[in-house]
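Read off the chains here:
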Amino acid sequence: MSATSTQIAALRGMGIYEPFNHISSWADAFRDDGSLNIGPSTIVQVDAGLDNKTELVSHESMETYRSNQEEHKPGDKLQRRLAQNREAARKSRLRKKAYVQQLESSRLKLAQLEQELEKARHQGAYLGNASNSSRVGFSGTVNPEIAAFEMEYGHWVEEQHKQISELRKALQAHITDIELRILVENGLNHYNNLFRMKADAAKADVFYLISGKWRTSVERFFQWIGGFRPSELLNVLMSQLEPLTDQQHTNVCNLRQSSQQAEDALTQGIDKLQQTLSQSIAADVMGVGGYGQIDAMENLEALEGFVNQADHLRQQTLQHLSQILTMRQAARGLLALGEYFHRLRALSSLWAARPREPT
Amino acid sequence: MEKVLGLASDQGVVIFIKSTCCLCYTVKILFQEIGVDPLVYEIDHDPEGREMEKALAKMGCSSPVPAVFIGGKLLGSTNEVMSLHLSGSLNQMLKPYQTQT
């Protein structure tokens, strides 16, 4: 559409809209799709036509004027006026046509933009209201499964908070072991739900998960392959769970050592993945032949396996720990864990809201 | 199938891997950390690699690689290795094959 207006401006500049400048054929002026046809050849034609016609007209009118000077003066004037009117009408129709075409293409563009806006709004609605802005992740196009995960995770955190409060009250109230068992099983199931959610999210977009965009900033600082580090978790809990029997102490230490070994192996595996990927992408990087993108893609797919293994490790650690501990210790452990992560999240919010020095 | 079982009985601890598989590398590292030096066999560099892969799947391995055999018997893949390691069972199973303690 802008092309049309520039074309019109060009035409105007060439003086084609000036009075007495004829274009031999208005039809020729437009191409089939309605855009103005102003190739150089057209201009030449126009000029040729112009000269001929102008000469003809002026010659005619000159002759007519000379021979009919006194008697036909009003006739000539009328003829001239009629010709002028015809020209004006023609020009007006031309301008109108160009204007309508401009409107049409603007309308199309508007419809396109409205569609895009609706799509973006629709996707934006998935993200819901994240009160902690660091949990909202934008990566260009929003994956609906990831958007669903973000919503589910928000609910998960709220539920976690409720469970922690319940545990705290229950432990203070000295309830029976049976009632405590229900709370402990709920707590462990809640973590299992999280791992299930994460498995689905990893299938949808493993990079989103591994980036930690779904967690708060301080949590992200401690992150290892898309979540908490199991051995670190055991460190946090061990001090809180005293007194432990000697056997329990040994078992927890063994569990911690096994977890550390598994974590090291997974870390080295992911480093190797990075190395392999980097080497394959850098292959002949200054040449023109490209590199093995298919291999690189396979490498990226392997990342999902690592995230799954890391979550598997987290799940197993929690499971084995709950088996080592008594019911009451397990309840205290879940409370300590939940409270720990809650404090990490709260600290993130505090950090985000801290007063900044004016620069 | 015979080839797989044959190779699996060659040594106490055998791991079938693919050279491009980094989780396989992870399992190998873990075994080394436990003090075991497994026989690592790359099935992607074997002309019968495809058949071997199918045989491993038939034997019930959750993913064809890595496939861990201890004493000629299939232990499983990465998942099984990790679970057994955390429970402390893997250390027990590997005791007779440890080269360093």
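Scroll up to find the structure this text is about.
The notes below deal with the structure included here. (Residues numbered from 1 in each chain as written. Chains lettered and ligands numbered in written order. Predicted model: local features only at pLDDT ≥ 70, side-chain atom pairs only at ≥ 80, totals over all residues. Heavy atoms only, no water.)

Within chain A, the regular secondary structure consists of 11 helices and 0 strands. In chain A, which comprises 359 residues, the share counted as buried stands at 36%. Restricting to contacts in chain A with at least 6 residues of sequence separation, those with at least 24 account for 77%. Accessible surface computed for chain A: about 22100 Å², of which carbon and sulfur atoms make up 55%. (Helix = DSSP H or I, 4+ residues; strand = E, 2+ residues; numbered from the N terminus. Buried < 20%, exposed > 50% of the residue type's maximum accessible area, 1.4 Å probe, protein only. Contact = heavy atoms within 4.5 Å. Areas by Shrake-Rupley, 256 points an atom, 1.4 Å probe, with all protein chains shown as cover.)

Let us now look at the pattern of salt bridges. Residues and elements named next belong to chain A. Evaluated as defined, the whole model comprises 14 salt bridges over all chains. Arginine 107 is the partner of glutamate 104 in a salt bridge, and the nearest nitrogen-oxygen pair spans 3.7 Å. Of the two residues, glutamate 104 and arginine 107 both sit in helix H4 (residues 73-126), 3 residues apart, roughly one turn of that helix. Its relative accessible area of 42% is what places glutamate 104 among the partly exposed residues. Its salt-bridge partner being lysine 198, residue aspartate 311 comes within 2.8 Å of it at the nearest N-O pair. Here aspartate 311, found in helix H10 (residues 293-324), pairs with lysine 198, found in helix H6 (residues 177-211); they are 113 residues apart in sequence, far enough to count as distant. The exposure class assigned to aspartate 311 is buried, which follows from its relative accessible area of 5%. Taken together, the shared-partner salt bridges connect Arg168, Glu339 and Arg343 into one network. (Salt bridge = Lys/Arg side-chain N within 4 Å of Asp/Glu carboxyl O.)

Our next topic: the sheet that holds strand S4 (residues 73-76) of chain B. Residues and elements named next belong to chain B. Here we have 4 strands laid out as an open sheet, ordered S2-S1-S3-S4, and mixed in their pairing. Two strands bound the open sheet, and with one partner strand each, they are strand S2 (39-42) and S4. Each neighbouring strand pair of the sheet contributes to a mean axis angle of 25°, computed without reference to strand direction. Sheet topology places strand S1 (residues 13-17) next to strand S3 (residues 67-70); 4 bridges connect them, and they run antiparallel. Within S3, the residue paired with phenylalanine 16 across the bridge is alanine 67. Along the sheet, helix H2 (residues 22-34) makes contact with S1, S2 and S3, crossing S1 at roughly 160°. (Pairing = 2+ DSSP bridges. Axes fitted to C-alpha atoms, helices over the stretch in contact; angles between N-to-C directions.)

All names here are of chain B. Of all the positions in helix H1 (residues 2-10), only Val4, Leu7 and Ala8 are classed as buried. Axial view of H1: buried residues confined to an arc of 105°, hence all on one face. Every exposed residue of H1 that faces more than 90 degrees away from the buried side is listed here: Glu2, Ser9 and Asp10. Where the residues of H1 are buried, they touch S1, S2, helix H3 (49-58) and S3. (Arc of directions from axis to C-beta.)

Before going further, it helps to examine helix H4 (residues 78-87) of chain B. Regarding H4 of chain B, the residues found buried are Thr78, Val81, Met82, His85 and Leu86 of chain B. The arc that holds the buried residues of H4 of chain B, viewed along the axis, is 125°, so those residues lie on one side. At its buried positions, H4 of chain B is contacted by helix H9 (246-282) and H10 of chain A together with H2, S3, S4 and helix H5 (89-94) of chain B. Positive phi appears at glycine 88 of chain B, one or two residues downstream of H4 of chain B, with a value of about 90°.

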